[in-house]
Structure formats: C-alpha cells, structure tokens
Amino acid sequence: MSMSMATSNHTLFLHNPTNLTNTTNLFPITTTRTATTTFKPISIKCTATTRTQAPPQASTQFQDRVFNFAAGPATLPENVLLKAQSELYNWRGSGMSVMEMSHRGKEFLSIIQKAESDLRTLLNIPSEYSVLFLQGGATTQFAAIPLNLCTPQDTVDYVVTGSWSDKAFKEAQKYCKPKVIWSGKSEKYTKIPSFSGLNQSTDARYLHICANETIHGVEFKDYPTPKNGVLVADMSSNFCSKPVDVSRFGLIYAGAQKNVGPSGVTIVIIRKDLIGNAQGLTPVMLDYKIHDENNSLYNTPPCYGIYMCGLVFEDLVEQGGLKEVEKKNKKKAEILYNAIDDSKGFFRCPVDKSVRSLMNVPFTLEKAELEVEFIKEAAKEKMVQLKGHRSVGGMRASIYNAMPLAGVEKLVAFMKDFQARHA
Ligand code: PMP
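Since we're looking at a predicted model, the values are computed, not measured. (Residues numbered from 1 in each chain as written. Predicted model: local features only at pLDDT ≥ 70, side-chain atom pairs only at ≥ 80, totals over all residues. Heavy atoms only, no water.)

1. Considering the site of the ligand
Put simply, the rule reads: Proximity criterion: a residue is near a molecule or strand once any of its heavy atoms comes within 4 Å of it. Polar contacts here mean pairs of N or O atoms no more than 3.5 Å apart (in protein, one a potential hydrogen donor and the other a potential acceptor; neighbouring residues in sequence count only if both atoms are side-chain atoms). We get accessible surface area from the Shrake-Rupley algorithm with a probe of 1.4 Å; when it comes to residues, only the shown protein chains can shield them. Helix and strand assignments follow DSSP, with helices taken as H or I runs no shorter than four residues and strands as E runs no shorter than two, numbered in order from the N terminus. Residues were grouped as follows: Ala, Val, Leu, Ile, Met, Phe, Trp, Tyr, Cys and Pro as nonpolar; Asp, Glu, Lys and Arg as charged; and all remaining residues, including Gly, as polar.
Around the ligand lies a shell of 13 residues, among which Thr139, Thr214, Asp234, Gln257 and Lys258 are the nearest. Between the ligand and threonine 214, the relevant distance is 2.4 Å, taken from an oxygen atom to a side-chain nitrogen or oxygen of the residue. Between the ligand and the protein, one listed contact pairs an oxygen atom with a side-chain N or O atom of glutamine 257 at 2.9 Å. With the chains in place, 85% of the 390 Å² that the ligand exposes on its own is no longer accessible. At four residues, helix H5 (residues 137-149) tops the list of elements feeding residues into the shell around the ligand. The residue makeup of the shell around the ligand, split by class, is four nonpolar, seven polar and two charged.

2. Examining the pattern of salt bridges
As a working rule, side chains carrying opposite charge can pair if their charged atoms are close by. Here is the rule we go by: Salt bridges are defined by distance alone: a side-chain nitrogen of Lys or Arg within 4 Å of a carboxyl oxygen of Asp or Glu.
Per the stated rule, a full pass over the model turns up 23 salt bridges. Among the ionic pairs, glutamate 78 bridges to arginine 65, the shortest N-O distance being 2.6 Å. Pair noted here: glutamate 78 is in helix H3 (residues 78-87) and arginine 65 is in the loop between helix H2 (58-64) and strand S3 (67-68), with a separation of 13 residues, a long-range link. Salt bridges sharing partners connect three or more residues here, namely Lys83, Lys114, Asp118 and Glu314.

3. So, unusual backbone geometry
Following glycine 72, the chain continues into proline 73 via a peptide bond in cis, with omega recorded as -5°. For cysteine 240, which is not a glycine, the phi torsion comes out positive at approximately 60°. With respect to the helices, strands and loops of the structure, cysteine 240 is situated in the loop between strand S10 (230-234) and strand S11 (251-255).

4. Re the sheet that holds strand S13 (residues 347-348)
The cut-off we apply is this: For two strands to be treated as a pair, DSSP must find at least two bridges joining them. Contact definition: two residues touch when any of their heavy atoms are within 4.5 Å. Lines are fitted to the C-alpha atoms to define the axes, a helix being fitted only along its stretch in contact, and any angle between axes, read from their N-to-C directions, falls within 0 to 180 degrees.
Here we have three strands laid out as an open sheet, ordered S13-S14-S16, and antiparallel in their pairing. Pairing within the sheet leaves two strands with one partner each, and these edge strands are S13 and strand S16 (395-398). Here two bridges tie S13 to strand S14 (residues 360-365), and the two strands are oriented antiparallel to one another. Along S14, the bridge assignment pairs arginine 348 with threonine 364. Lying on the sheet, helix H9 (residues 322-341) is in contact with S13, S14 and S16; it crosses S14 at an angle near 15°. Along the sheet face, helix H10 (residues 371-380) touches S13, S14 and S16 and points at about 130° away from the line of S14.

Structure, rendered in structure tokens:
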C-alpha cells in the first residue's frame, strides 16, 4: 500500500498496525493549514525512534488499564481490543478501516457473516432461528417485541424481577395488553419466582422475562415454560455468559454493550415462524421481517460495532465456547460472593442466594457512611465504576466475561483490607 505525499506543512508518521515489524509501513499523514501572521507552520517529522517503536504491547498496556466494573458499556477483552487496534487503520489488507467500508461490500459481508456464524456456534442456534443485528438498544426491543408478536388486543404476560423487566412491561402497554403475573417489587427485587406458582394467562401470546436484572443482580438459573405462546427473554446482561438452550425461547434479545461488544448493536435471535406478523403501524426499522429479509442490511447497520462483536465471538469460540466461559464466570462470582458472605455482615448482598447473578453483584456496607470512601479508595487502586445504580445505591461489581479473574481477586483483597481498617 502506498500513499502519495501532498504538499504539506505537517507530516506525521503513523505505524501501519497490520505489519508491526516492517518499518517501511509508515504512512505519512498530511494536513495542510493556512499560514497566518500568528501561526508559523512547523514541520513535525517523526524520527527513527518513532519509526522503530512498536505500538503498545499487552504487557505495557495492562499497566495503564483499570479494572472496570461498569455495568455497561463495560470492559472488553484485552486481546480483542489489541486486535481491533492492529486492524483499525487497514483491515486485513483492504486498505481501509472497517469504519470506512461499504456495508454492502464483500469485506463487510464477510465480517457480518462470520460474526453470525460464530454466534450460532457459541449458542448452538438451531437453523429455524434468525439472528438479527439491529440498533436502538434493548429499550427499542421493549416496543418492537409487542409490535411484532401480537395485536393491540392480545394478552401477554410479564414477570417483573427488576427495573428492566418493569420498563419492558410499561412500554408494552402501548401496543398490547400486558399483565404482570409476578412482581418482586415488594421484596426489593431480590427474588425469582417459583415457576409452578406463576399464574400464567391461558391466552398469552408470549411470556416475557429478563434473564438477568443488571441493576438488582437477580438471574434466572432455569426458565419457565409458557402455558401458551412463546418465551421471550431480555438477555442483555448475561448474553453469551453461559450455554443457553435457544430452542426453549421464541425470542432472545440483548444489547451488546455488556458482554459482547460496544453499545450500538442489539442482537435478536428469533424463531422464524414468529416473523412477519407485525402490527400495521410498526415502523420499518422495528419490523423483524424487513431485517430478516435483508440479512440485517436493510439500512446501514452499526458496522464497526458488529465487527467488534464478531471479534468477541471469535475470542469466545477460541476460549472453548460458553461451557468454558461459564466455568470462569462461576469461579469469579463464587470468590466475590464468598468474600461478601464471609465478612460477618460488614458487606451484604441482598439477593436470594439461589438466584444471585454471575454477572452483576450488588452489595452494601453495614456502615453505609463508608460507601463513598470505599468507592474512592478502590478507584485509587485502579478498580473503577463500583458505585451501585442510582436507583438502589450501595455498590455493584459487574464481572462480565471480559473481567479477568485477577480483577475479582484484587477487588476481594481490597475488600478484606478495607474491612480490616474500618470494622
Ligand atoms: N435490559 C437490561 C437487562 C439492561 O441491563 C439494559 C441496559 N442497562 C437494558 C435493557 C437497556 O438497554 P439499552 O440501554 O441498550 O437500551
């Protein structure tokens, strides 16, 4: 690849990340600025030091990075970020970044197809299901689901286990007749109901659950069987964190920004026979049929986000698939919950033990006045975003797939030390 040198006031040399050892792969980037009386153009020429200096390697970069316990957007795998970095400027010899590609060109088609194929492998998605890469976040799906799956007169059932399923229920009220058949609100969303006790409507078109409540930290460990209709699950915050039997669901949806990529991509896995019955007023961008028929390319999709999800899926496949991923997640969650439970009440997790989330761990301090100090000290130790959601307070450690065991071990060591100093 070559680049012609235009007349230039500034010449910056950047590495070609696709070939880190080849010093001939240094591209002069030129910018021209108009000289004024106050501005004297200078020529910045990067020296041999820059030419031979390799871009940050994992070992040096680790030192600069924090352990990010944010609920989403959340931490991404280091190796995925480094791979994206190495491909940012010139994707695999195409001469351009993924951000610059036509979404209809063969390069991007190969990216989206590989992403879908790896996701199908990971979740063992049966062929009678479509995978859609959409936009608008999981919040948009709160409307798209009733618009696509039922008529305004239809009854649908919602199990409300936290803020997100509550929001989904409220949005559905605009498009059909949803019923809350169970709510954990009176118990501050610390429980999942027993399935036998669920008072399901006999005529419900679907039964909606939130598989993992990101704010409250409650997670379904098994799934109810709908009496009628299909099971629909918001898996935004535990998507690809463990194996899931997709065939038990009519529709699974997830925003990518917790476990599988950046914000801006929403994944919908839908049984094909449920596609094609959208209500007449459904906007074209919310109609699953349109997206399915066009392989998620009806309009310009979030190309770079889909590419990043693809890199994450590839990484998960390389890790040995979701069984292996689940083992790691269980181990991380176990040491964190044990640290809380063994603290003699200094730390507390309000969630019923049998349904504690592997992904989002909310906890409080017995001495609530110390919470600000805890978060401040943790941040000094490069452990950030531990503040609980503004609606519930306390702390929350989100320990998604990409949070390394070392991050959780460091947090646990810090908690023990904090307790020793403040008990
Ligand atoms: N559902 C769950 C379980 C979530 O955690 C979130 C986001 N935190 C949403 C829905 C809303 O997602 P978005 O912001 O992508 O619309």
